[in-house]
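Single-letter residue listing:
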Amino acid sequence: MAKKVYFRDGVLEVNSDFVKARARSIQLSTLESVHLHRSLFLGTVAVCGGLMLFGLVFFDLLHLHEVILSLAIGGGLLWLSWNLGTFTVHSKLTGAKGWSVTWWMKPLKAMRSAVETALEDQARQRRSRKGGAVTHADNDDEEASGEAEA
C-alpha cells in the first residue's frame, strides 16, 4: 500500500506511517500527543524588552543611532522569537520527555494539523476494519435446529 503524504516541507514530513523531522522519525501508530509552543518568546521578551526600554529611558543620554540600534535589535529579536516555534512529539516510545524540533511556526502549524489528520484517518481505518454491527447468527442457528427437530 502506498504511503499517503499529509505534509512535506523540506526536512519535515508526515505520512501515513511516520512523522519525520530532520534526522529523526517516529511511527505514527506510537504517537500519544503533539505539542506546539513558542519556547523562546518569553525569555526574549524579558531580554529584548529590557533592551528596548533601556534605549527609550536613557534617550537623553544616548546618541540617536544608539537608541535606534537598541530598538531595532530588540524589535527584530522579538519578531524572530515570535516566528520560531518548538514542535514536541510525545509517544509511547519516548515517554514524557518526547523529542522536539525548533523551526519556523508556519510549517510547524501545518505539520501539527497534518499529524492530527493522519491520526484521525488511522483511527477511522481501525474502526472500519473491526466492523461494528453485531449479528444474531447464533440465535438463527438455534432456531433452525429447533425447527428441524420439530
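This is a predicted model, so every value here is computed, not measured.

A. The sheet that holds strand S5 (residues 31–37), seen in detail. Read from one edge of the open sheet, three strands run S5-S6-S7, paired in antiparallel fashion. Each of the sheet's edge strands pairs with one partner strand only, and the pair in question is S5 and strand S7 (99–104). Sheet twist, expressed as the mean angle between neighbouring strand axes with direction ignored, is 20°. Bridge count between S5 and strand S6 (residues 84–91): six bridges; the pairing is antiparallel. Its bridge partner lying in S6, Leu31 is registered against Ser91.

B. Representation of a positive patch on the surface within the structure. Together, Lys92, Arg126, Arg127, Arg129 and Lys130 give the surface a local cluster of positive charge. Along the polypeptide, Arg126 turns up in helix H3 (residues 105–130).

C. Looking closely at the side chain of Thr44. On the secondary structure map, Thr44 appears in helix H1 (residues 41–57). Excluding residues that lie within four positions of it along the chain, Thr44 makes contacts with Gly49, Leu77, Leu78 and Ser81.

D. Structural view of helix H2 (residues 64–83). In this model H2 runs 29 Å from its N-terminal to its C-terminal C-alpha over 20 residues, within 8% of the 28 Å that 1.5 Å per residue would give. Buried within H2 we find Val67, Ser70, Gly74 and Ser81. Down the axis of H2, the sector holding all buried residues measures 85°, keeping them to one side. Exposed and facing more than 90 degrees away from the buried side of H2 are Leu64, His65, Leu69 and Trp79.

About the thresholds
Residues numbered from 1 in each chain as written. Predicted model: local features only at pLDDT ≥ 70, side-chain atom pairs only at ≥ 80, totals over all residues. Heavy atoms only, no water. Pairing = 2+ DSSP bridges. Helix = DSSP H or I, 4+ residues; strand = E, 2+ residues; numbered from the N terminus. Axes fitted to C-alpha atoms, helices over the stretch in contact; angles between N-to-C directions. Patch = residues over 30% accessible without salt bridge, like charges linked within 9 Å, V, L, I, M, F, W, Y side chains within 5 Å. Areas by Shrake-Rupley, 256 points an atom, 1.4 Å probe, with all protein chains shown as cover. Salt bridge = Lys/Arg side-chain N within 4 Å of Asp/Glu carboxyl O. Lys, Arg positive; Asp, Glu negative; His and termini not counted. Charge placed at Lys NZ, Arg CZ, Asp CG, Glu CD. Contact = heavy atoms within 4.5 Å. Expected span 1.5 Å × (residues − 1). Buried < 20%, exposed > 50% of the residue type's maximum accessible area, 1.4 Å probe, protein only. Arc of directions from axis to C-beta.

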